[in-house]
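Chain and residue survey
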Amino acid sequence: MKLRIAFLGLGAIGRPMAAHLARRYDLTVWNRTAARAEEFGARTGARVAATPRAAVNGATVVLTCLPTSREVEALLDGPEGLLAGLAAGVLFLDCTSGDPASSQRIAARLAEQGVAFADCPVSGGTNGAEEAALTVMVGGEAGTFERALPVLECFGKRIEHLGNVGAGHAMKAVNNALLAVNILTFGEGFAGLARAGVPVRKAVGVLNASSGRSFVTEALVPDRVLTGAWPNTFRLALLEKDLRIAVEFLEGQGVRAPILHLAAVLFRRARAELGEGADYLEAIRLQERDAGVEIRG
Ligand code: NDP
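To keep things clear, this report deals only with the structure shown in the data block. Nothing here was measured: the structure is a model prediction, and the numbers come from that model.

A few words now on the overall build of the protein chain. Counting its regular elements, the protein chain contains 13 helices and nine strands. Projecting the C-alpha coordinates of the protein chain onto the three principal axes gives extents of approximately 65 × 45 × 35 Å. Scored against the burial criterion, the 297 residues of the protein chain give a buried share of 52%. Taking contacts inside the protein chain between residues at least 6 apart in sequence as the whole, the part at least 24 apart equals 66%. Accessible surface computed for the protein chain: about 13400 Å², of which carbon and sulfur atoms make up 52%. Averaged over its 32 positive side-chain charges, the protein chain has a centre that lies 3 Å from the centre of its 31 negative ones.

Its location among the elements puts Glu73 in helix α4 (residues 69-76). Of the polar contacts made by the side chain of Glu73, one reaches the side chain of Arg105; its length is 2.7 Å. Ignoring anything within four residues of it in the chain, the contact list for Glu73 reads Ser102, Arg105 and Ile106.

What surrounds the ligand is a group of 26 residues, the closest being Asn31, Thr33, Arg36, Pro67 and Lys241. A distance of 3.3 Å is found between an oxygen atom of the ligand and a backbone nitrogen or oxygen belonging to Gly11. One of the backbone nitrogen or oxygen atoms of Ala12 is found 2.9 Å away from an oxygen atom of the ligand. Taking 900 Å² as the accessible area of the ligand by itself, protein coverage stands at 87%. Secondary structure elements with two or more residues in the shell around the ligand: α6 (125-130) and α11 (236-252). Its residues assigned to classes, the shell around the ligand comprises ten nonpolar, ten polar and six charged. Of the residues that make up the shell around the ligand, three or more belong to each of domain 1 (4-165) and domain 2 (170-291).

Once that is clear, we can look at the nonpolar core. Within the largest apolar cluster, 43 residues are counted, with the highest numbers of intra-cluster contacts made by Ile183, Phe186 and Phe267. Within the residue set of this core, elements represented by two or more residues are α8 (167-195), α9 (200-207), α10 (215-225), α11, α12 (258-274) and α13 (283-291). No other element matches α8, which puts eleven residues into this core.

What follows concerns the environment of Arg15. Along the chain, Arg15 turns up in helix α1 (residues 14-24). We classify Arg15 as partly exposed; its relative accessible area is 26%. Considered as a pair, Arg15 and Ala180 are 165 residues apart in the sequence and their alpha carbons are 24 Å apart. Discounting chain neighbours no more than four positions away, the residues touching Arg15 are Leu10, Arg36, Phe40 and Arg43. Among the polar contacts made by the side chain of Arg15, one reaches the main-chain carbonyl oxygen of Leu10 at a distance of 3.1 Å.

Time to look at α9. In an α-helix, one turn spans 3.6 residues; hence positions three or four apart end up facing the same way. Those residues of α9 that sit buried are Val200, Ala203, Val204 and Leu207. The arc that holds the buried residues of α9, viewed along the axis, is 100 degrees, so those residues lie on one side. Counted as exposed and oriented over 90 degrees from the buried face of α9: Lys202 and Val206. The inward-facing, buried residues of α9 abut α8 and α10.

To continue, consider the packing of α11 against α12. Two packed helices can be described by the angle between their axes and the distance between those axes. The interhelical angle for the contact between α11 and α12, taken along N-to-C directions, is 155 degrees, at an axis separation of 9 Å. On the basis of their axis angle, the class for α11 and α12 is roughly antiparallel. Remark: the crossing between α11 and α12 carries left-handed chirality. Here Leu236, Ala237, Leu239, Glu240, Leu243, Arg244, Val247, Leu250 and Glu251 of α11 lie close against α12, whose contacting residues are Leu260, His261, Ala263, Ala264, Phe267, Arg268, Ala270, Arg271 and Leu274.

Even without glycine at this site, Ala132 takes up a positive phi of about 55 degrees. Within the fold, Ala132 resides in the loop between α6 and β8 (134-139). Judged by its relative accessible area of 23%, Ala132 falls in the partly exposed class. Unlike most non-glycine residues, Trp230 shows phi in positive territory, near 40 degrees. The topology assignment puts Trp230 in the loop between α10 and α11.

Criteria and cut-off values
Residues numbered from 1 in each chain as written. Predicted model: local features only at pLDDT ≥ 70, side-chain atom pairs only at ≥ 80, totals over all residues. Heavy atoms only, no water. Helix = DSSP H or I, 4+ residues; strand = E, 2+ residues; numbered from the N terminus. Buried < 20%, exposed > 50% of the residue type's maximum accessible area, 1.4 Å probe, protein only. Contact = heavy atoms within 4.5 Å. Areas by Shrake-Rupley, 256 points an atom, 1.4 Å probe, with all protein chains shown as cover. Lys, Arg positive; Asp, Glu negative; His and termini not counted. Charge placed at Lys NZ, Arg CZ, Asp CG, Glu CD. Polar contact = N/O pair within 3.5 Å; in protein donor to acceptor, adjacent residues only side chain to side chain. Near = heavy atom within 4 Å. Nonpolar A, V, L, I, M, F, W, Y, C, P; charged D, E, K, R; others polar. Domains from an automatic or database assignment. Core = buried A, V, L, I, M, F, W, Y, C linked by side-chain atoms within 4.5 Å. Arc of directions from axis to C-beta. Axes fitted to C-alpha atoms, helices over the stretch in contact; angles between N-to-C directions. Parallel < 35°, antiparallel > 145°, perpendicular 65-115°, else oblique. Left-handed = near helix turned anticlockwise from the far one by under 90°.

Here's what the structure looks like:
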């Protein structure tokens, strides 16, 4: 039987993920800004629902991809909310980079209605989503993971079960915390090199042939910092949220995390200053400004 899938949240990464699902399954979409859903439906043939309840009515699998767990939780309630439309036996996969505690609450509420939940945040960016090459980090029961696999394989390349509900979100938050730290340390180090007159593009090449290299220096810096392009496929505000989740998670585990605390403070300041629409690499713009230098190739 062809699965009936509902997808809620057609943002920067949700759109390409949902487009893969539309190719293989019977898909209904919902988006807060309806025009985005209409455009998506016209392009992919997916049905467009007017409310979250209508989107999940008759669905066998539901996926959400919203900014934070708060928005997912808020969609549950009300006469047009998800709980009003979900039937027992449905599989609910949350691809939001959310937080473990909220997901455990959401999972418990869904379980009362006979709905199985797994947190399934992704990594790989909008390019990875378009190429169906995302890494998917899953938290939930083993049986739920097995049921989710054929759906997640539509956009995922490496799909791993990491533990109970919340484990996927914890893994994702730690991953993104490391990403954020790499961004900040690159900005500091290269502001210094640029001030000293070291040719920046050459220095990035040297770094990427040396032991300090990272995904940030290999992929993101050449595309965004050296060009000054800041394409905003991933909002700085979302990375700031990921750092907060990572710090909270580590505190909950009794792990002291002075480096991530500081990174969270710096990203919080960057978010306040640059606003909700800034690209995540733009944190480096503030470091450039403080140092009175630009890191361009
Ligand atoms: P965007 O900001 O591009 O899109 C957010 C989506 O959530 C939009 O569909 C938006 O609707 C919807 N939304 C926002 N607020 C609400 C609300 N209160 N109620 C209902 N819907 C709402 O985010 P992304 O697509 O980039 O990110 C989504 C998730 O995926 C985040 O958790 C992010 O951290 C994660 N992620 C993003 C990656 C990326 O490269 N972009 C990579 C990996 C993970 P509307 O159209 O109305 O604004």
